[in-house]
Amino acid sequence: MFSTYKEDDVTILLKDITGLVTPLATKEREAKIQSGVHYSEMLPLEYKPTESYMATFKRAVEMYSQITADSVAQLADSIINGKKSPVLVSLARAGTSIGVLLKRYIRFKYKREIPHYTISIIRGRGIDKNAMKYILDRHAPEDIQFVDGWTGKGAIQRTLNKAMEDFEGVSSGLAVLSDPAYIAEKCGTHDDFLIASSCLNSTVSGLLSRTFLRSDIIGENDFHGAHFYSDLMDEDLTYYFIDSVVSCFETVKPMKDDHCGTDGMAEARAICKKYGISDINLVKPSIGEATRVLLRRVPWKVLVHSLDDNEHLGHLYQLAAEKNVELEVYPLKNYRACGLIKNLADN
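First things first, this report covers the structure right here in the doc. In this text, all values refer to a predicted model and were calculated from it rather than measured experimentally.

Parameters at a glance
Each chain has its residues counted from 1, running along the sequence as written. Predicted model: local features are reported for residues with pLDDT of at least 70 only, side-chain atom pairs are reported and counted for 80 or more only, and whole-chain, interface and lining totals are derived from all residues. Hydrogen atoms and water are omitted, and side-chain values are computed over all heavy atoms in the structure. Following DSSP output, two strands are said to pair if at least two bridges run between them. Secondary structure counts use DSSP, requiring at least four H or I residues in a row for a helix and at least two E residues in a row for a strand, with both numbered from the N terminus. Each axis is a line fitted through C-alpha atoms, taken for helices only over the stretch in contact, and angles between the N-to-C directions span 0 to 180 degrees. Only heavy atoms enter the contact rule, under which two residues are in contact if any of them lie within 4.5 Å. One speaks of a salt bridge when a side-chain nitrogen belonging to Lys or Arg is within 4 Å of a carboxyl oxygen belonging to Asp or Glu. Only protein chains enter the accessibility calculation, which uses a 1.4 Å probe; a residue whose area is less than 20% of its type maximum is buried, one above 50% is exposed, and one in between is partly exposed. The labels follow the angle: roughly parallel below 35 degrees, roughly antiparallel above 145, roughly perpendicular from 65 to 115, and oblique for the rest. Helix crossings get a hand from a simple test, with the near helix turned counterclockwise from the far one by less than a right angle marking a left-handed crossing and a clockwise turn marking a right-handed one. The rule is short: rings of Phe, Tyr and Trp, with Trp giving its six-membered ring, pair when the centres are within 6.5 Å, and they are stacked under 30 degrees, edge-to-face over 60, tilted in between. For a Lys NZ or an Arg CZ to count as sitting over a ring, it must be within 6 Å of the ring centre and within 35 degrees of the ring normal. Multiplying 1.5 Å by the helix residue count minus one yields the expected span of that helix. Grid points spaced at 1 Å over the protein atoms alone were grouped into cavities, where a 1.4 Å probe fits but cannot get out, and pockets, open sets with protein on both sides within 12 Å along at least five of seven lines, with lining residues defined by an atom within 4 Å of a point. Grid points are joined across faces, edges and corners, and a volume is the space filled by probe spheres set on the points. Throughout this entry, Asp, Glu, Lys and Arg are counted as charged residues, while Ala, Val, Leu, Ile, Met, Phe, Trp, Tyr, Cys and Pro are counted as nonpolar. The remaining residues, Gly among them, count as polar.

**Observations concerning the sheet that holds strand E12 (residues 326-329)**
Pairing between sheet strands relies on hydrogen bonds along the backbone, with the strands arranged either parallel or antiparallel.
Link 1 in the chain: Taken together, the four strands give an open sheet; going across it, the order is E10-E13-E11-E12, and neighbouring strands pair in mixed fashion. Each edge of the open sheet is held by one strand with a lone partner, namely strand E10 (283-285) and E12. Each neighbouring strand pair of the sheet contributes to a mean axis angle of 20 degrees, computed without reference to strand direction.
Link 2 in the chain: Here three bridges tie E10 to strand E13 (residues 337-341), and the two strands are oriented antiparallel to one another. Within E13, the position partnered with lysine 284 by the bridge is glycine 339.
Link 3 in the chain: Packed on one face of the sheet, helix H7 (residues 264-275) meets E10, strand E11 (299-304), E12 and E13 and runs near 120 degrees to E11.
Link 4 in the chain: With respect to the sheet, helix H8 (residues 287-296) is in contact with E10, E11 and E13, its orientation differing from that of E13 by roughly 35 degrees.

Okay, here's the thing in structure tokens:
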């Protein structure tokens with residue numbers, strides 16, 4: 001374990017690459033990504049958020065812990081009803097905290113201890129096959145339940161679908177708390193609500209980086225890698241988020257999910273057409289993805305369904321103001337927000 005997650009919450013199937021790769025600043029990484037270097041071959045520098053943004057994050061945790069717990073409960077029930085002996089396999093890093101919450105809720109409600117592993121999956125590179133082999137040496141393929149936080153355009157679901165062609169008997173069905181893209185097998189809700197863990201980077205994810213895959217560092221028999229940001233230990237809020245949601249388990253209630261939408265890719269393509277964007281990877285729909293764009297990419301603008309939705313988008317308004325990024329109202333259907341990444345070739 002090279003994270004701040006507790007050992008009885010998750011087994012981390014990642015190689016510790018701390019000190020082996022120099023993290024890069026956002027603009028340098030973005031230039032490399034857009035020139036063809038795969039994002040998984042670099043690590044981002046991560047910074048301490050501003051005091052005002054931290055206050056916004058903590059307010060978001062307070063506001064959304066109950067709905068997050070409600071969604072966890074709904075999703076956990078669906079998993080228990082669908083699998084006799086479920087094994088949670090969360091997709092690092094956004095899925096890891098969600099897997100912890102599901103494991104905790106199943107223990108709380110069903111008095112059952114179920115395994116929870118977290119592994120790497122990388123868009124364009126696939127899943128960590130060594131981690132999958134490790135799990136399948138210990139568990140039946142039909143028991144595996146993949147877990148993530150939310151859906152954007154569905155890129156990870158498509159990557160998972162392709163990857164599971166190599167693993168007979170393993171379902172590629174994804175379980176997420178929020179599925180505005182309408183592509184997950186199981187979800188807590190289709191509402192694009194704020195999962196507060198999306199508001200920060202490693203400091204709400206056990207101080208782990210995004211997962212890393214480069215042949216000079218990751219050997220043929222290694223798990224994919226991750227860096228541990230030990231310099232941010234004093235800023236770690238992983239269990240502030242987890243414990244806040246867990247404290248709401250006693251008061252969970254059924255979620256009303258009367259949303260109706262279409263495949264999120266259709267909306268993403270429409271946005272591309274409207275703004276003349278040739279690379280759909282520069283379009284990041286959903287609150288979670290828009291937040292990521294502001295936190296770790298070079299944003300062009302952020303589309304929002306309203307400029308007066310402080311309840312759901314207050315943290316986005318603040319991040320956009322801090323980074324001097326334009327907010328534009330757009331008639332979003334599936335989502336409440338969509339981040340647009342700056343095409344550096346346009347400079």
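**Considerations on the pattern of salt bridges**
Link 1 in the chain: In total, this model carries 19 salt bridges according to the counting rule given.
Link 2 in the chain: A salt bridge links glutamate 46 to arginine 93; the shortest N-O distance between them is 3.1 Å. A residue pair is termed long-range when its members are at least 10 positions apart, and glutamate 46 in the loop between helix H1 (26-34) and helix H2 (51-82) and arginine 93 in the loop between strand E3 (87-92) and helix H3 (94-110) qualify at 47 residues. Across this residue pair, the class does not change: glutamate 46 and arginine 93 are buried.
Link 3 in the chain: Its salt-bridge partner being glutamate 328, residue lysine 301 comes within 2.6 Å of it at the nearest N-O pair. Of this pair, lysine 301 sits in strand E11 while glutamate 328 sits in strand E12, and the two are 27 residues apart along the sequence.
Link 4 in the chain: Here glutamate 328 falls in the partly exposed class, since its relative accessible area comes to 21%.
Link 5 in the chain: One continuous salt-bridge network, built from bridges that share partners, spans Lys103, Arg107 and Glu113.

**Digging into the packing of H2 against helix H6 (residues 238-246)**
Link 1 in the chain: Across the interface, H2 lies against H6 with an axial gap of 8 Å and an inter-helix angle of 40 degrees. Judged on the interaxial angle alone, H6 and H2 are oblique. The two elements H2 and H6 cross, and the hand of that crossing is right-handed. Where H2 approaches H6, its residues Phe57, Lys58, Val61, Glu62, Ser65, Thr68 and Ala69 are matched on the opposing element by Tyr240, Ser244 and Val245.

**Observations concerning the packing of aromatic side chains**
Link 1 in the chain: If you walk through the whole model with that rule in mind, you get nine aromatic pairs.
Link 2 in the chain: Taken together, a centroid distance of 6.5 Å and an interplanar angle of 70 degrees make the contact between tyrosine 5 and tyrosine 239 edge-to-face. One end of the pair, tyrosine 5, is in the segment before strand E1 (11-12); the other, tyrosine 239, is in helix H6, with 234 residues separating them in the sequence.
Link 3 in the chain: Accessibility expressed as a relative area gives 12% for tyrosine 239, which makes it buried.
Link 4 in the chain: A centroid spacing of 6.1 Å and a plane angle of 45 degrees characterise the contact between tyrosine 275 and tyrosine 330, whose relative ring orientation is tilted. Taken together, the residues span a long stretch of sequence, with tyrosine 275 in helix H7 and tyrosine 330 in the loop between E12 and E13 at a distance of 55 residues.
Link 5 in the chain: With a relative accessible area of 12%, tyrosine 330 lands in the buried category.
Link 6 in the chain: The rings of Tyr105, Phe108 and Phe249 are connected pair by pair, giving a single aromatic cluster.
Link 7 in the chain: The aromatic ring of tyrosine 239 is capped on one face by lysine 6, whose charged end is 4.6 Å from the ring centroid.

**Re H7**
Link 1 in the chain: The terminal C-alpha atoms of H7, which comprises twelve residues, lie 17 Å apart, in line with the 16 Å expected from a rise of 1.5 Å per residue.
Link 2 in the chain: Elements in contact with the buried residues of H7: helix H5 (155-163), E10, E11, E12 and E13.
Link 3 in the chain: Once H7 finishes, glycine 276 follows within two positions and takes phi at roughly 65 degrees, a positive value.

**Re the layout of surface pockets**
Link 1 in the chain: A volume near 490 Å³ is recorded for the largest pocket.
Link 2 in the chain: As for the largest pocket, its lining consists of 28 residues, of which Tyr47, Leu294, Leu295, Arg296 and Lys323 are closest to the centre.
Link 3 in the chain: Those elements that place two or more of their residues in the lining of the largest pocket are H1, H8 and helix H9 (310-322).
Link 4 in the chain: When residues in the lining of the largest pocket are grouped by element, the largest group, three residues, is from H8.
Link 5 in the chain: Counted by class, the lining of the largest pocket contains 14 nonpolar, six polar and eight charged residues.

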